[in-house]
Amino acid sequence: QQQLQTQTEALKNLSGSNEAMARSMADVRSSSALLGELRTLIPSSVRLSAAKVVGNRLELNGSASGLNALRSINALMLMLEQSALFQSEGVSLQKAELNLKDQGSFDHPFALTADFAADAPKAIRDRLQALGADGLASRMGRLEQEGLLR
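These figures come from a predicted structure and were not determined experimentally.

(A) Spotlight on the overall build of the protein. Helix and strand content of the protein: five helices and five strands. Beginning at the N terminus, the succession of helices and strands in the protein can be written as α-α-β-β-α-β-β-β-α-α. Of all 150 residues assigned to the protein, the portion counted as buried reaches 33%. Intrachain contacts of the protein at a sequence separation of at least 6 include 62% that bridge at least 24 residues. Carbon and sulfur atoms provide 49% of the accessible area of the protein, an area that totals close to 9,300 Å².

This is the structure we're talking about:
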């Protein structure tokens, strides 16, 4: 009886470890899927200088140019809110500056954050190959076949 209980506990621990590893392998926060998604969302008048994942949050820094730069920053925020990768209410502007340069051109540095959706890997699974994340798509398919992804 004691041996059976010990083996059952070991099996539960192993199963939990396998599920944690599967979630880590399917995490879109550190993959080419994230970069592919950002590439499709960023307006042409916006230039990113940094993208950093901190926990469950994406931090973006960059600048927008042109007379409609603030609209471009707003458009980026709206696109992030509509993406399956992010929480629709989890995008917030941290900083935006208006810098008047010579000849009347504008340069607007900004910083914003976007909280990842809890179901981001599942929500974006069908778009992985289109985003250039073939390896992640393959891993997720295999993990799903093995019953390690829900």
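(B) Focus on the side chain of Asp115. Mapped onto the elements, Asp115 comes out in strand β5 (residues 106–116). The buried category is assigned to Asp115, whose relative accessible area is 16%. Residues in contact with Asp115, not counting those within four places in the same chain, are Asn56, Arg57, Leu85, Phe86, Gln87 and Gly90.

(C) Quick peek at the nonpolar core. Ranked by internal contacts, the top residues of the largest apolar core, which has 22 residues, are Leu34, Leu58, Leu80, Phe86 and Leu112. When residues of this core are traced back to their parent elements, those giving at least two are α2 (32–41), β2 (57–65), α3 (69–82), β3 (86–96), β5 and α4 (120–124). Considering every element that reaches this core, the biggest residue donor is α3, with five residues. When neighbours within four sequence positions are excluded, Phe86 is seen to be in contact with Leu34, Leu58, Leu80, Glu81, Ala114, Asp115, Phe116 and Ala117.

(D) Seen up close, the environment of Ser72. Along the polypeptide, Ser72 turns up in helix α3. With relative accessibility at 11%, the residue Ser72 sits in the buried group. For Ser72 and Ile42, which are 30 residues apart along the polypeptide, the C-alpha to C-alpha distance reads 8.7 Å. Setting aside its immediate chain neighbours within four residues, Ser72 contacts Pro43, Ser45, Val46 and Ala64.

(E) Region of interest: the pattern of salt bridges. Inspection of every chain in the model, using the stated rule, returns two salt bridges. The partner of Arg57 in a salt bridge is Asp115, and the shortest N-O contact between them spans 2.7 Å. Of the two residues, Arg57 sits in strand β2 while Asp115 sits in strand β5, which places them 58 residues apart along the sequence. Residue classification places Arg57 among the partly exposed residues on the basis of a relative accessible area of 36%. Glu97 is the partner of Lys95 in a salt bridge, and the nearest nitrogen-oxygen pair spans 3.7 Å. Overall, the relative accessible area of 38% leaves Lys95 in the partly exposed class.

(F) Quick peek at α3. Over its 14 residues, α3 runs 20 Å from end to end, which matches the ideal 20 Å to within 8%, given 1.5 Å per residue. Those residues of α3 lying buried are Ala69, Ser72, Ile73, Leu76, Met77 and Leu80. Viewed end-on, α3 has its buried residues packed into an arc of 140°, placing them on one side of the element. Facing away from the buried surface of α3 by more than 90 degrees, the exposed residues are Arg71 and Gln82.

(G) Molecular detail of the pairing of strand β1 (residues 46–54). Bridging between β1 and β2 involves eight bridges; their strand directions are antiparallel. Pairing of Arg47 across the sheet is with Ser63, part of β2. Linking two consecutive strands that pair antiparallel, namely β1 and β2, is a turn of two residues; a positive phi of about 65° is found at Gly55 within it.

Cut-offs and rules
- Residues numbered from 1 in each chain as written.
- Predicted model: local features only at pLDDT ≥ 70, side-chain atom pairs only at ≥ 80, totals over all residues.
- Heavy atoms only, no water.
- Helix = DSSP H or I, 4+ residues; strand = E, 2+ residues; numbered from the N terminus.
- Buried < 20%, exposed > 50% of the residue type's maximum accessible area, 1.4 Å probe, protein only.
- Contact = heavy atoms within 4.5 Å.
- Areas by Shrake-Rupley, 256 points an atom, 1.4 Å probe, with all protein chains shown as cover.
- Core = buried A, V, L, I, M, F, W, Y, C linked by side-chain atoms within 4.5 Å.
- Salt bridge = Lys/Arg side-chain N within 4 Å of Asp/Glu carboxyl O.
- Expected span 1.5 Å × (residues − 1).
- Arc of directions from axis to C-beta.
- Pairing = 2+ DSSP bridges.

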